[in-house]
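Each chain, written out:
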Amino acid sequence: MFVLTPVAYIDPMSGAIILQVLIAGTIGCVAFFRRSIKAFLVKVFHIGRDTDEEGAEKAAPEDPAA
Amino acid sequence: MTSRQPVSSSQRIAGSYRDPSGYVFTRGDRVFRAIDDPCFELLKQLEGDGTFREFIERQWIPGTEFVQDRALAAELREEHPGYEHFLEHERISAITYPYEWSVSMLADAGIRTLDVQLHLLERGCALKDATAYNIQFVRGEPTFIDLSSFERPQRLDVWFALGQFMQMFLYPLLLNRRRGWDLRSYFLASIGGRPIEDVARSFGWLERLRPSLLVDVTLPLWLHRWGEKGDRARREMLERRREDTKAQSLNLRRLRRKLAALAHGYRPRGVWADYTEMCSYEQQAEDAKKRLVAEFLDQTQPGCVLDLGCNTGDYSRLAAERGAEVVAVDADHDAIELLYRDLRKNPAPITPMVIDLANPSPGIGYMNAERAPFLERADADCVLALALIHHLLVSANLSLEAIRDMLFALTRRDLVLEFVPTDDTMFQRLMKFRVNLFGGLTLDLCRKVFQERFKLLSEIPIAGSKRALLFWRKRTAADV
């Protein structure tokens with residue numbers, strides 16, 4: 001069900017990898033359904049145009065170059 | 001014409017052998033890295049798009065050049081069969097290891113690793129590994145030294161080295177802040193960092209559910225256990241390349257903030273900050289001492305200075321101002337932490353290290369030689385042993401002869417020794433609850449003992465105190 005590449009020469013912690021795969025998958029799903037989710041939230045809870053999740057993504061963390 | 005010598009003049013570095021795509025070796029006083037073809041291709045591309053230059057300018061990687069000189073390249077290929085390409089690195093004067101770092105140094109090392117990874121992600125690359133031993137402090141800046149760790153992975157959405165990153169950087173900081181573990185114990189005990197099972201066990205189950213531990217400790221642990229059961233996680237070659245780095249970027253930036261917060265929240269005890277109040281020195285005596293040390297450094301112009309018991313780093317800065325590269329050593333973690341924080345604000349070519357001279361870092365790893373002991377790495381033209389001798393005599397219970405022999409081993413040439421008499425306030429303070437064994441300790445005795453292995457260049461009492469500065473030079477076979 002979950003795949004790991006054998007390329008790495010270090011011993012990767014499978015838990016960290018599975019978690020990343022899950023998170024990547026979740027964010028992928030959320031991005032895919034973003035408009036529907038947004039529409040749903042606006043309709044039901046009357047939240048404004050900026051949803052929490054868009055706001056969180058916009059609050060950009062400090063740039064590592066700074 | 002290259003001579004056909006049976007013994008190559010290259011010397012492989014003991015700690016550089018696990019990565020199949022390359023290794024580091026020294027040749028005379030130059031440092032090279034042998035790299036395989038895929039690695040060479042990748043680094044050439046990074047050079048082409050300016051990443052390489054950017055990394056070097058920011059001091060994220062050490063100064064590096066591809067070996068272009070045909071004659072040299074030919075010699076190297078002969079000495080290192082199987083490798084066609086070589087890099088030359090700038091030589092790093094002071095090698096330090098994670099068990100010698102203070103909290104902020106470890107956090108900054110982790111942050112630098114993340115900086116490099118985030119930048120590489122933007123260019124479709126990643127780091128193969130995230131061990132803390134990939135970082136060295138060069139002129140006070142954490143620098144990523146393992147260039148053969150750059151690769152083009154199959155998946156960019158998952159970082160395979162994240163588990164190792166957490167073991168090497170996040171877990172030790174969490175254990176330090178939440179459980180008071182010191183970094184030295186953590187790293188000397190496990191060269192790869194502590195396994196997640198053991199880390200989780202240090203926390204109660206309720207604490208493990210709190211957000212700060214849940215995502216980085218508890219969830220990976222549960223998923224690891226779940227994956228191991230019934231072989232649910234299978235290893236298969238991926239068919240499709242995954243390109244989306246957004247999730248990973250967000251996660252790494254979050255980790256970056258977390259590391260910074262963990263280190264920032266550490267409050268060093270200002271133990272020896274009180275020193276200046278308790279100290280028996282008048283300002284006049286302190287100034288006189290500084291002047292004397294400065295004069296000596298000006299006359300002898302050492303390239304590298306080792307400041308033992310550096311405390312607040314005043315004399316380290318003095319030496320750095322005179323053009324030396326300084327290694328500043330102290331047994332007190334918090335003193336080094338304060339010095340490092342100060343160096344971030346006022347940079348200088350000083351490398352701080354947490355070292356207990358009575359129990360310096362041993363050799364660890366494969367054959368106890370993968371990571372060299374402190375005494376082997378210490379290599380200074382001039383050693384400063386100021387306000388130190390009474391600590392070694394009283395707290396560490398070393399004899400004068402033992403102290404002399406250790407200082408002899410640490411320096412290549414000169415030694416500045418401050419003699420502290422037994423009726424000095426600081427000496428008395430250390431001896432408060434101890435039997436007085438130092439009745440016979442006089443300046444004359446000290447001079448006599450040291451003269452067996454050092455040549456006395458000059459001896460100057462410090463005006464306004466009972467202490468004296470002795471300037472020594474190592475005796476060579478010629479002197480005796």
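Remember, predicted model here, so these are calculated numbers, not experimental data. (Residues numbered from 1 in each chain as written. Chains lettered and ligands numbered in written order. Predicted model: local features only at pLDDT ≥ 70, side-chain atom pairs only at ≥ 80, totals over all residues. Heavy atoms only, no water.)

## What to know about the overall build of chain B
Phase 1: From N to C terminus, chain B includes 19 helices and 17 strands.
Phase 2: The globule rule puts the C-alpha radius of gyration for 480 residues at 23 Å, and the 25 Å found for chain B is close to it.
Phase 3: Along the longest, intermediate and shortest principal axes, the C-alpha atoms of chain B span 80 × 70 × 40 Å.
Phase 4: Element-wise, carbon and sulfur atoms account for 50% of the exposed surface of chain B, whose accessible area totals about 21,700 Å².
Phase 5: Placing the 67 positive and 68 negative side-chain charges of chain B at their respective mean positions leaves the two points 5 Å apart. (Helix = DSSP H or I, 4+ residues; strand = E, 2+ residues; numbered from the N terminus. Rg over C-alpha atoms; globule rule 2.2 N^0.38 Å. Areas by Shrake-Rupley, 256 points an atom, 1.4 Å probe, with all protein chains shown as cover. Lys, Arg positive; Asp, Glu negative; His and termini not counted. Charge placed at Lys NZ, Arg CZ, Asp CG, Glu CD.)

## Some thoughts on a nonpolar patch on the surface
Residue and element names in this part refer to chain B.
Phase 1: A contiguous nonpolar patch, built from Trp205, Leu206, Leu209 and Trp222 and spanning about 500 Å² of accessible area, is present on the exposed surface.
Phase 2: Along the polypeptide, Trp205 turns up in helix α8 (residues 205-208).
Phase 3: Classification of Trp205 by relative accessible area gives exposed; the value is 63%. (Patch = residues over 30% accessible without salt bridge, like charges linked within 9 Å, V, L, I, M, F, W, Y side chains within 5 Å. Salt bridge = Lys/Arg side-chain N within 4 Å of Asp/Glu carboxyl O. Buried < 20%, exposed > 50% of the residue type's maximum accessible area, 1.4 Å probe, protein only.)

## Looking at the confidence of the model for chain A
Residue and element names in this part refer to chain A.
Phase 1: In this model, chain A carries an average pLDDT of 66, and 56% of its residues clear a pLDDT of 70 or more.
Phase 2: Here strand β1 (residues 2-4) stands out as the least confident element of chain A, with mean pLDDT 43; helix α1 (residues 14-32) is the most confident, with 81.
Phase 3: Counting contacts from residues 1-6, a segment whose pLDDT is below 50, to residues more than four positions away or on other chains yields 24 contacts.
Phase 4: Throughout residues 51-63 the model reports pLDDT below 50, and contacts reaching past four residues in sequence, or to other chains, amount to 15 contacts. (pLDDT = per-residue confidence, 0-100. Contact = heavy atoms within 4.5 Å.)

## Focus: the confidence of the model for chain B
Residue and element names in this part refer to chain B.
Phase 1: A residue-level look at chain B finds 93% of positions with pLDDT of 70 or above and a mean pLDDT of 90.
Phase 2: Overall, residues 1-7 carries pLDDT values under 50, and its contacts beyond four positions in sequence, including any with other chains, amount to three contacts.
Phase 3: Our summary of model confidence lists the complex with pTM equal to 0.88 and ipTM equal to 0.75.

## Things to note about the environment of Asp334 of chain B
Phase 1: Considering the arrangement of structural elements, one finds Asp334 of chain B in helix α14 (residues 333-345).
Phase 2: Separated by 118 residues in the primary sequence, Asp334 of chain B and Glu452 of chain B place their C-alpha atoms 36 Å from one another.

## Here's the deal with unusual backbone geometry
Residues and elements named next belong to chain B.
Phase 1: One non-glycine residue, Met367, lies in positive phi territory at about 55°.
Phase 2: Positionally, Met367 belongs in the loop between β13 (350-354) and α15 (374-377).
Phase 3: Residue classification places Met367 among the exposed residues on the basis of a relative accessible area of 65%.
Phase 4: The phi torsion at Asn368 lies on the positive side, around 55°, for a residue other than glycine.
Phase 5: Residue Asn368 is classed as exposed on the basis of its relative accessible area, which comes to 54%.

## As for the packing of helix α12 (residues 283-300) of chain B against helix α13 (residues 314-321) of chain B
Residue and element names in this part refer to chain B.
Phase 1: Interhelical geometry of α12 versus α13 gives an angle of 35° and a closest axis separation of 10 Å. Relative to α13, α12 is oriented so that their crossing is right-handed. Mapping the contact onto sequence places Glu286, Lys289, Lys290, Val293, Ala294 and Leu297 in α12 and Asp314, Tyr315, Leu318 and Ala319 in α13.
Phase 2: Its residues assigned to classes, the contact of α12 with α13 comprises six nonpolar, no polar and four charged. (Axes fitted to C-alpha atoms, helices over the stretch in contact; angles between N-to-C directions. Left-handed = near helix turned anticlockwise from the far one by under 90°. Nonpolar A, V, L, I, M, F, W, Y, C, P; charged D, E, K, R; others polar.)

## Focus: the sheet that holds strand β5 (residues 85-89) of chain B
Residue and element names in this part refer to chain B.
Phase 1: If you trace the five strands from one edge of the open sheet to the other, you get β1-β2-β3-β5-β4, paired in antiparallel fashion. Every interior strand has two partners, whereas the edge strands, β1 (10-12) and β4 (64-66), have only one. Each strand axis lies, on average, 35° off the axis of its neighbour in the sheet, ignoring direction.
Phase 2: Where β4 and β5 come together, three bridges link them in antiparallel fashion. Opposite Phe66, over in β5, you have Leu87 as the bridge partner. (Pairing = 2+ DSSP bridges.)

## Thoughts on helix α9 (residues 211-228) of chain B
All names here are of chain B.
Phase 1: Relative to the 26 Å expected for 18 residues at 1.5 Å per residue, α9 spans 25 Å between its end C-alpha atoms, a close match to the ideal helical length.
Phase 2: Maximum bend of α9: about 35°, positioned at Thr218, with proline Pro220 one to four residues after it.
Phase 3: Of all the residues in α9, the buried ones are Leu213, Asp216, Val217, Thr218, Pro220, Leu221, Leu223 and Gly227. (Expected span 1.5 Å × (residues − 1). Bend = angle between axes of the 7 residues up to and from the residue.)

## Brief notes about the packing of aromatic side chains
Two aromatic rings, taken as a pair, are described by how far apart their centres are and by the angle between their planes.
All names here are of chain B.
Phase 1: Applying the stated criterion to the full structure yields 23 aromatic pairs over all chains.
Phase 2: An angle of 40° between the planes, with centres 5.9 Å apart, marks the rings of Trp159 and Phe165 as tilted.
Phase 3: According to the relative accessible area criterion, Trp159 is buried, its value standing at 2%.
Phase 4: Put simply, the rings of Tyr23, Phe25, Phe32, Tyr83 and Phe86 touch in pairs and so form one group of aromatic residues.
Phase 5: Taking NZ or CZ as reference, Lys44 lies 4.2 Å from the ring centre of Phe66, over its face.
Phase 6: The positively charged end of Lys290 is found above the aromatic ring belonging to Tyr315, 5.9 Å away from the centroid. (Phe/Tyr/Trp six-rings, centres within 6.5 Å; stacked < 30°, edge-to-face > 60°. Lys NZ or Arg CZ within 6 Å of the ring centre and 35° of its normal.)

## Some remarks on the side chain of Asp115 of chain B
Residue and element names in this part refer to chain B.
Phase 1: Looking at the element boundaries, Asp115 is found in helix α4 (residues 103-122).
Phase 2: Classification of Asp115 as buried rests on a relative accessible area of 1%.
Phase 3: In this structure the side chain of Asp115 is engaged in a polar contact, spanning 3.0 Å, whose partner is the side chain of Arg112.
Phase 4: In this structure the side chain of Asp115 is engaged in a polar contact, spanning 2.7 Å, whose partner is the side chain of Arg256. (Polar contact = N/O pair within 3.5 Å; in protein donor to acceptor, adjacent residues only side chain to side chain.)

## Brief notes about the pairing of strand β8 (residues 141-144) of chain B
Look at any regular strand and the pattern is simple: side chains alternate between the two faces of the sheet.
Residues and elements named next belong to chain B.
Phase 1: Across four bridges, the pairing between strand β7 (residues 135-138) and β8 is antiparallel. When the bridges of β8 are listed, Phe137 appears paired with Pro142.
Phase 2: Hairpin connection between β7 and β8: a loop of two residues separates the two successive antiparallel strands, and Arg139 in this loop has a positive phi of roughly 55°.

## Remarks on the nonpolar core
Residues and elements named next belong to chain B.
Phase 1: Core analysis: the largest hydrophobic core is formed by 100 residues, its most contacted members being Leu43, Phe150, Trp159, Phe165, Tyr171, Val293 and Val416.
Phase 2: For this core, the element with the highest residue contribution is α4, accounting for 11 residues.
Phase 3: Once you skip the residues sitting within four places of it in the chain, Val293 turns out to touch Tyr315, Leu318, Leu384, Leu386, Val416 and Leu469.
Phase 4: Counting residues in hydrophobic clusters, the runner-up holds 39 residues, among them Leu308, Leu388, Val420 and Cys446. (Core = buried A, V, L, I, M, F, W, Y, C linked by side-chain atoms within 4.5 Å.)

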